[in-house]
Amino acid sequence: GRANSTLVESLISNTSVERPNKTKTQRNVVIALAVSLISGLVSGTLYGFGRYSRDLKDTLMLTQYQIERFGILLDTGNYIGHPITGLVYDRLGPRISCLSAAVIVFCAYGMIQLGVIRHITAHWIFDTSFFFVGLGSGLGYIAALGSTTKNFQSS
């Protein structure tokens, strides 16, 4: 009586355990990979700086030194920011990291665009904005790399 009842209960409880839906898991991995690729491509805008730096220089009547400083700040934000962005990724995960990266890059490029449209001569705004474009791009790299590495680990 009691032994059979316990056996039946354990069988019922074992069969009612939900198993992960393999199709849903595969779909999530594909979505994460797609977002990682897009993030990597968008974060690659750092390397496009040379394409618009001349126009920026002419429009704002900047010196070559000032333009070079903006490029250096892009790289500085990207590489110096890696410890910070790694910490953000470890603490908050890939979703928050990716969204944060998108917001940072969008706002920083928005400030640059606003500076160009209004012909702002306060170069600290551009310096700060270019630094944050680099920082946001670095966070995007870390989020893309971290989530892709986690999703495609060998078992």
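Keep in mind it's a predicted model, so treat the numbers as computed, not measured. (Residues numbered from 1 in each chain as written. Predicted model: local features only at pLDDT ≥ 70, side-chain atom pairs only at ≥ 80, totals over all residues. Heavy atoms only, no water.)

1. Topic: the packing of aromatic side chains
Here's step 1: Under the defined criterion, the tally for this structure stands at five aromatic pairs.
Here's step 2: Joined through ring pairs, the aromatic side chains of F49, Y52, F70, F126 and F130 make up one cluster. (Phe/Tyr/Trp six-rings, centres within 6.5 Å; stacked < 30°, edge-to-face > 60°.)

2. Side note on unusual backbone geometry
Here's step 1: You will see that M61, though not glycine, has its phi angle at about 50°, which is positive.
Here's step 2: With respect to the element layout, M61 can be found in the loop between α3 (49–60) and α4 (64–80).
Here's step 3: Residue M61 is classed as exposed on the basis of its relative accessible area of 74%. (Helix = DSSP H or I, 4+ residues; strand = E, 2+ residues; numbered from the N terminus. Buried < 20%, exposed > 50% of the residue type's maximum accessible area, 1.4 Å probe, protein only.)

3. Some words on α4
Here's step 1: For α4, with 17 residues, the first-to-last C-alpha span of 24 Å sits near the 24 Å given by 1.5 Å per residue.
Here's step 2: Of the residues making up α4, those classed as buried are Q66, I67, F70, G71, L73, L74, G77 and N78. One side of α4 holds all its buried residues, which, seen down the axis, span an arc of 150°. Away from its buried face by more than 90 degrees, α4 exposes Y65, I72 and I80.
Here's step 3: Of the surrounding secondary structure, the elements contacted by the buried residues of α4 are α3, α5 (82–117) and α6 (123–151). (Expected span 1.5 Å × (residues − 1). Arc of directions from axis to C-beta. Contact = heavy atoms within 4.5 Å.)

4. Remarks on a nonpolar patch on the surface
Here's step 1: A contiguous nonpolar patch, built from L33, L37 and F152 and spanning about 290 Å² of accessible area, is present on the exposed surface.
Here's step 2: In this structure, F152 sits in the segment after α6. (Patch = residues over 30% accessible without salt bridge, like charges linked within 9 Å, V, L, I, M, F, W, Y side chains within 5 Å. Areas by Shrake-Rupley, 256 points an atom, 1.4 Å probe, with all protein chains shown as cover. Salt bridge = Lys/Arg side-chain N within 4 Å of Asp/Glu carboxyl O.)

5. Section: the confidence of the model for the chain
Here's step 1: Of all residues in the chain, 81% have pLDDT values of 70 or greater, and the mean over the chain is 80.
Here's step 2: Between the elements of the chain, mean pLDDT differs from a low of 46, seen in helix α1 (residues 2–15), to a high of 92, seen in α4.
Here's step 3: Contacts from residues 3–17, a stretch scored under 50 in pLDDT, to residues over four places away or in other chains number one contact. (pLDDT = per-residue confidence, 0-100.)

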